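# Structural characterization, general
Given next are the chains, with one letter for each unit.
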Amino acid sequence: MGEIYVVAEHRKGEVREITFEMLFKARELCRTFSHRLTALLLAGKDAGFADDLAKRADRVLVFENDRLETFNSDLHKEILNRVIQKDQPFMTWIAHTSWGMDLAPALSVKTGLPLATDCVDIQAEDGRPIVIRQIYSGKLFSRVSFKESPGYLMTVRSGAFLPPDDAEMEPGEVLKQDIPADLAEPRKTFVEFVDTGAGEIDITQADLLVSIGRGIGEEENIATIRELADRMGATLSCSRPVVDKNWLPKFHQVGTSGKSVRPKVYLALGISGAFQHVAGITGAGTVIAVNKDRKAPIFRVADYGVADDLFKVANALKEKLAGA
Ligand SMILES: Cc1cc2nc3c(=O)[nH]c(=O)nc-3n(C[C@H](O)[C@H](O)[C@H](O)COP(=O)(O)OP(=O)(O)OC[C@H]3O[C@@H](n4cnc5c(N)ncnc54)[C@H](O)[C@@H]3O)c2cc1C
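Along every chain, residues carry numbers that run from 1 in the direction the sequence is written. It should be noted that, the model being predicted, local features are given only for residues of pLDDT at least 70 and side-chain atom pairs only at 80 or more, the latter also being counted only at that level, while totals for whole chains, interfaces and linings use all residues. In computing side-chain properties, one takes all heavy atoms of the structure into account and sets aside hydrogens as well as water.

## Topic: the site of the ligand
Heads up, the condition is: One heavy atom within 4 Å of a molecule or strand is enough for the residue carrying it to be called near that molecule or strand. Pairs of N or O atoms within 3.5 Å make up the polar contacts considered here, provided that, within protein, one atom can donate a hydrogen while the other can accept it, and that residues adjacent in sequence are counted only when both atoms are side-chain atoms. Only DSSP runs of H or I with at least four residues qualify as helices, and only runs of E with at least two residues qualify as strands; both kinds are numbered from the N terminus onward. When residue character is reported, Ala, Val, Leu, Ile, Met, Phe, Trp, Tyr, Cys and Pro are called nonpolar, Asp, Glu, Lys and Arg charged, and the others, Gly included, polar.
Lining the immediate environment of the ligand, one finds 25 residues, of which Arg214, Ser239, Gln253, Ser257 and Ser272 sit closest. In the environment of the ligand, an oxygen atom lies 2.5 Å from a nitrogen or oxygen atom belonging to the side chain of Ser239. Between the ligand and the protein, one listed contact pairs an oxygen atom with a side-chain N or O atom of Gln253 at 2.7 Å. Contributing elements (two or more residues each) for the shell around the ligand: helix H6 (240-244) and helix H7 (275-278). Here the residues of the shell around the ligand are counted per class, giving 5 nonpolar, 14 polar and 6 charged.

## Quick notes on helix H5 (residues 222-232)
Helical geometry: 3.6 residues make up each α-helical turn, so side chains three or four residues apart lie on a common side. For the record, the criterion: Only protein chains enter the area calculation, which uses a 1.4 Å probe; residues under 20% of their type maximum are buried, those over 50% are exposed, and those in between are partly exposed. Working note: the arc is built from the helix axis to C-beta atom directions. Whether two residues are in contact is decided by their heavy atoms: any pair within 4.5 Å suffices.
Taken residue by residue, H5 has Ile222, Ile225, Leu228 and Ala229 as its buried positions. Along the long axis of H5, the arc covered by the buried residues comes to 120°, so they all point the same way. Elements in contact with the buried residues of H5: strand E12 (208-212), strand E13 (235-238), H6, strand E14 (265-269) and helix H9 (310-323). Just past H5, the residue Gly233 takes up positive phi, approximately 70°.

## So, the domain arrangement of the chain
Interfaces are often described in size by the accessible area the parts lose on coming together. The condition is simple: Where each domain starts and ends comes from a domain assignment, either automatic or drawn from a database. A simple way to read buried area is as the amount of 1.4 Å-probe accessible surface that goes missing from two parts once joined, with both sides added.
Under the domain assignment used here, the chain contains domain 1 (3-177) and domain 2 (203-323). Relative placement of domain 1 and domain 2: their C-alpha centres are 32 Å apart. The interface is formed by 13 residues belonging to domain 1 together with 8 residues belonging to domain 2. When domain 1 packs against domain 2, the two sides together hide about 750 Å² of surface, and 56% of this comes from carbon and sulfur.

## Structural notes on helix H4 (residues 98-111)
As a reminder of what qualifies: The length a helix should cover is 1.5 Å for every residue beyond the first.
With 14 residues, H4 should cover 20 Å at 1.5 Å per step; its first-to-last C-alpha distance of 20 Å lies within 8% of that length. All of the buried residues in H4 are Trp99, Gly100, Leu103, Ala104, Leu107, Ser108 and Thr111. Looking at the buried positions of H4, the neighbouring elements they touch are strand E2 (10-11), helix H3 (73-87), strand E6 (91-95), strand E7 (115-125) and strand E10 (152-156). Phi for Gly112, located one or two positions after H4, is positive at around 80°.

See the structure below:
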């Protein structure tokens, strides 16, 4: 039986959502190909994440040690290399995050296994994986196959797979593993977490996003849309020009060089719908676009569209909410 190994990612005492996204997709493939799904957890002592992972995998291999409380790519690489060499899983998936981008290439060199990065889909055909990656800033999707290898490594883009709320299953086994005794001292040391901005928000986790584009016109106009977002209980996001002009910090940006989001509702105000932007909202539920140009490409991906001035629509919405 083949196996898919998924490396769990956690930060500041929480398993990150991308881990559950990977486990969900990997489970789908495991069902199709009768593979076994294994979550790999490298964490500090008594981190308490294993039971949560076990609800989504056939088994969890747990390496717990004080040295693993925070991510260290040197230690992860050494431990994962030994696990992969010993167990020879068919595929090993790692999140395409700052963790994964540090770890995966080094692990590929160490194991000698091929690596495909930033995958937005993973399939298998004739006993080999096929991955889908975006190229040319998201303009094209490429379908990538591998030469035959004893195993394959992938990093997976956050937001590419959406687990349903009932993604849990019969809990799998939790198997504690010993940390190799001869583990070399890492060359890197964790120092501290530094927030990229005061009050940073995570637009990838928002259910309702109100997103502004260059159509906002002036920086001063943002306040009125922020007010609308607050009244709606929504989070404010934006297109790239708004960030380039320093009107909002980078963590608000949606798109290929920003974040992929998957809100239930995405309200796009004054956004033209360039492919680099639209590539970031493929996981959104309902897309509503307001643009005064009825030929704007955003209307091609919108479920509902209003060809009108965004301020007129925003004010009407605010009035409606005030009366509610
Ligand atoms: C390598 C690369 C990476 C990129 N990454 C990203 C990315 O991650 N995210 C991203 O967003 N872009 C990205 N871009 C930029 C992208 O190509 C577009 O330039 C950008 O998305 C356009 O932003 P916009 O829609 O806000 O502005 P515009 O294209 O200028 O559109 C503004 C829209 O507002 C409408 N409008 C104007 N006034 C009003 C009004 N009063 N009421 C209603 N509608 C109005 C106009 O009709 C127009 O359609 C990237 C580009 C490159 C080259």
